[in-house]
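The residues making up each chain are set out below.
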Amino acid sequence: MALQLYGLNLAISEAFYTSLHMLEVTLRNAVQDRMTGLHGPLWFQNPAIIHDVTQQRNVASAVQKLGAAATPSQIVAEVTFGFWTGMFDHKNNALWGPCLRPIFQSGTPLQRKTVAKPLYEIRSLRNRIAHHESIIQLDLPHVHVELCQILGWLSTEALVWSNQHCRFQAVHPQTPIIIGNLMNPALVL
């Protein structure tokens, strides 16, 4: 039974990769394009724009790793998903309305926390997958729906492509996952 659960966890983790990949790249590119248009190509190195010390360290680490000759595009690709999701944290609230809200085409103006909360959950899932941790105890269908919703707000084309290639729905079991006599209600579909 343990090996079956391990295999299921691995298969679901792999199946999530397409959606996670597409969201990370689309979010990164949308933020980069918008912020570059407003503040220039090195906006992420400007402490007047990026106030959060953790994000500043993330950029500094990328620059140090790549070297002084690194281009803005190389730095953008090197900073972590945490940097990009951190752009929607309350610490960057001042960037939300004038800078970041317009990248989301939801049909109605979104609140920052409407984007920030699911991005936090998605990043947490991404990190669990990247560190080979268990994810089957999480409410994965809910996280997948949130991921697709945010991706669709960023780019309908990216969402369509992701849905055509994502295997999550095919791999995630349609029946509850029961471990021993315990059933996590989040796993009931």
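Residues numbered from 1 in each chain as written. Predicted model: local features only at pLDDT ≥ 70, side-chain atom pairs only at ≥ 80, totals over all residues. Heavy atoms only, no water.

A. Structural detail: helix H5 (residues 93–100). Residues Leu 95, Trp 96, Cys 99 and Leu 100 constitute the buried set of H5. Buried positions in H5, seen along its axis, are confined to an arc of 125 degrees and lie on one side of it. Exposed residues lying more than 90 degrees from the buried face of H5 are Ala 94 and Pro 98. Residues of H5 that are buried sit in contact with helix H1 (2–39) and helix H6 (112–130). (Buried < 20%, exposed > 50% of the residue type's maximum accessible area, 1.4 Å probe, protein only. Helix = DSSP H or I, 4+ residues; strand = E, 2+ residues; numbered from the N terminus. Arc of directions from axis to C-beta. Contact = heavy atoms within 4.5 Å.)

B. Molecular detail of the side chain of Asn 9. By the element assignment, Asn 9 lies in helix H1. At 3.2 Å, the side chain of Asn 9 forms a polar contact with the backbone oxygen of Glu 133. Among residues more than four places away in sequence, those in contact with Asn 9 are Glu 133, Ser 134, Ile 135 and Ile 136. (Polar contact = N/O pair within 3.5 Å; in protein donor to acceptor, adjacent residues only side chain to side chain.)

C. Expanded view of the packing of H1 against H6. Running from N to C, H1 and H6 point in directions that differ by 130 degrees, and their axes come no closer than 11 Å. Comparing their axes, H6 and H1 come out oblique. For the pair H1 and H6, the sense of crossing is left-handed. Here H1 contributes Ser 13, Phe 16, Leu 20, Leu 23, Glu 24 and Leu 27 to the contact with H6, which in turn contributes Leu 119, Ile 122, Leu 125, Arg 126 and Ile 129. Grouping the constituent residues of the contact of H1 with H6 by class yields eight nonpolar, one polar and two charged. (Axes fitted to C-alpha atoms, helices over the stretch in contact; angles between N-to-C directions. Parallel < 35°, antiparallel > 145°, perpendicular 65-115°, else oblique. Left-handed = near helix turned anticlockwise from the far one by under 90°. Nonpolar A, V, L, I, M, F, W, Y, C, P; charged D, E, K, R; others polar.)

D. Region of the structure containing the layout of surface pockets. As a volume, the largest pocket reaches approximately 290 Å³. Sorting the residues of the lining of the largest pocket by element identifies helix H2 (53–66), helix H4 (81–86) and H6 as the ones contributing at least two each. Ranked by residue count, the leading element in the lining of the largest pocket is H6, at five residues. Residue composition of the lining of the largest pocket, by class: five nonpolar, nine polar and five charged. (1 Å grid on protein atoms, 1.4 Å probe; cavity = no way out; pocket = protein on both sides within 12 Å on 5 of 7 lines; lining within 4 Å. Points joined across faces, edges and corners; volume = space filled by probe spheres on them.)

E. Main features of the packing of aromatic side chains. Following the criterion strictly, the structure yields eight aromatic pairs and no others. Where Phe 83 meets Trp 84, the ring centres are 4.9 Å apart and the plane angle is 90 degrees; that geometry is what we call edge-to-face. Each member of the pair Phe 83 and Trp 84 is classed as buried. For the pair Trp 96 and Phe 104, a centre-to-centre distance of 5.9 Å together with 35 degrees between the ring planes defines the contact as tilted. Each member of the pair, Trp 96 as well as Phe 104, carries the same accessibility label: buried. Every member of this aromatic cluster is reached through a ring pair, and the members are Trp 43, Phe 44, Phe 83 and Trp 84. (Phe/Tyr/Trp six-rings, centres within 6.5 Å; stacked < 30°, edge-to-face > 60°.)

F. Molecular detail of unusual backbone geometry. With a phi close to 60 degrees, His 132 is a non-glycine residue in the positive phi region. Relative to the assigned elements, His 132 resides in the loop between H6 and helix H7 (140–154). Judged by relative accessible area, His 132 falls into the exposed class, the value being 72%.

G. Inspection of the pattern of salt bridges at higher detail. Following the criterion strictly, the structure yields six salt bridges and no others. As a salt-bridge pair, Glu 78 and Lys 65 come within 2.8 Å of each other at their nearest N and O atoms. Separated by 13 residues along the polypeptide, Glu 78 in helix H3 (residues 72–78) and Lys 65 in helix H2 bring together distant segments of the chain. Judged by its relative accessible area of 63%, Lys 65 is exposed. Residues Glu 121 and Lys 117 are paired through a salt bridge, measuring 2.9 Å at the closest nitrogen-oxygen approach. Residue Glu 121 and its partner Lys 117 are both found in helix H6; the two are separated by four residues, about one turn of the helix. For Glu 121, a relative accessible area of 22% corresponds to the partly exposed category. (Salt bridge = Lys/Arg side-chain N within 4 Å of Asp/Glu carboxyl O.)

It is worth stressing that arrangement in space is one thing and function is another; only the former is reported here.
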